[in-house]
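In case you want the letters, here they are:
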Amino acid sequence: MSSNPMALIRVIDEEESARNSLKFLLEQEGWKVRLYFSIKDFFENDNPMIPGCLISNIQVRETSGFELQIRLKKSECPMPLIYISAYADVGTAVMALREGAYDFLTKPINDERLLESVEAAVNEDWQSRSTLKNVKKNRELLLTLTGRELDIVRLITKGLNNKEIAEELGIAEKTVKVHRSSIYRKLQVRTPLEVFKIIDSVYRGNNLFRSYEKTQFLDNLNNFL
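**Describing the packing of helix α6 (residues 147-156) against helix α8 (residues 173-187)**
Argument step 1. As a packed pair, α6 and α8 sit with axes 10 Å apart at the nearest point and diverge in direction by 90 degrees. For the element pair α6 / α8, the angle class is roughly perpendicular. Contacts from Arg148, Glu149, Ile152, Val153 and Ile156 in α6 reach Val176, His179, Arg180, Ser182, Ile183 and Lys186 in α8.
Argument step 2. Looking at the contact of α6 with α8, its residues break down into five nonpolar, two polar and four charged.

Right, here's the structure in full:
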C-alpha cells in the first residue's frame, strides 16, 4: 500500500472506539486521518478542497446514510465515499453503489480490503479533481464569448463550415470568419476539433449537464453557461 501525504482520509462514525480503530489502522499505513462523530460535524468542519476520501458508517441516528451521499454529490468537490455497515444487507449495498458510493464494506472489516479501497478511492479523487479543474477552466473560456460567438461555436461543433454557418445564421460569410478568428483567440485553440473538445469537457464534467442529451446541451449552450 502507498499513502499520499497530501491526501486526507475522513472517518464518520458515532462510536468513538470505531473511529479510533480506523484511525489507528490508516495512520499505520501513513495516511493522514480526521475523525468526525456525525454528518453534521463533517459538513461544518471539513475542508472539501483537500483531496482524499470519506469513510462513513451507513447507520447513523441523525439522518439517513444516503442523505450524506446526496449532499456529497451536490458539493463542489464530491469526494469518493466508502460505506461501512454492521449488517450484510445486499439491497442497501446495491442501492448505495448504484447511487455512486465508491465501495460498501461490512463488519468485521477486512483490513487489507479497506486499505486497497482507500488507496484506489484517493487515486480516483485526484483524477476527478484534475478533470474538474480543466472543466472549470474551459467553462471560464466559454464565458468570454459573446452570444453570437456562442451561436457560431454551436454550429462549429456540429461540423458546419463558414458558408453553412453564414446561411444558418443569415449573416455574411466574411462576418463568420471574423467571429471564428475571435473565438479561436479567446478559447486559445486553432482547430474546430479543439473547440469540440472544450465543449465536450464542459458537457461531460458536470452531472447536471449530463442529464441532457448533447444536442439539447448544444442547442441551449447560452443558457447552460
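There's plenty left to go through after this.
**Notes on the packing of helix α7 (residues 162-169) against α8**
Argument step 1. One way to put it is that α7 packs onto α8 with a least axis distance of 8 Å and a crossing angle of 110 degrees. The angle between α7 and α8 places the two elements in the roughly perpendicular class. Seen from α7, the contacting residues are Asn162, Lys163, Ile165 and Ala166; seen from α8, they are Glu173, Val176, Lys177 and Arg180.
Argument step 2. Split into classes, the residues belonging to the contact of α7 with α8 amount to three nonpolar, one polar and four charged.

**What about the pairing of strand β2 (residues 32-36)?**
Argument step 1. Pairing of strand β1 (residues 8-12) with β2 involves five bridges; the strand directions are parallel. In the sheet register, valine 11 faces β2, and the bridge partner there is leucine 35.
Argument step 2. The β-α-β motif built from β1, the intervening helix α1 (residues 16-28) and the parallel element β2 has right-handed crossover chirality.

**Re helix α9 (residues 192-204)**
Argument step 1. Between its first and last C-alpha, α9 extends 18 Å over 13 residues, near the 18 Å set by a 1.5 Å rise per residue.
Argument step 2. Inspection of α9 places Val195, Ile198, Ile199, Asp200, Ser201, Val202 and Tyr203 among the buried residues, and these make up the whole buried set.

Here is what the cut-offs are and how they apply
- Residues numbered from 1 in each chain as written.
- Predicted model: local features only at pLDDT ≥ 70, side-chain atom pairs only at ≥ 80, totals over all residues.
- Heavy atoms only, no water.
- Axes fitted to C-alpha atoms, helices over the stretch in contact; angles between N-to-C directions.
- Helix = DSSP H or I, 4+ residues; strand = E, 2+ residues; numbered from the N terminus.
- Parallel < 35°, antiparallel > 145°, perpendicular 65-115°, else oblique.
- Contact = heavy atoms within 4.5 Å.
- Nonpolar A, V, L, I, M, F, W, Y, C, P; charged D, E, K, R; others polar.
- Pairing = 2+ DSSP bridges.
- Right-handed = clockwise from strand over helix to strand, strands pointing away.
- Expected span 1.5 Å × (residues − 1).
- Buried < 20%, exposed > 50% of the residue type's maximum accessible area, 1.4 Å probe, protein only.

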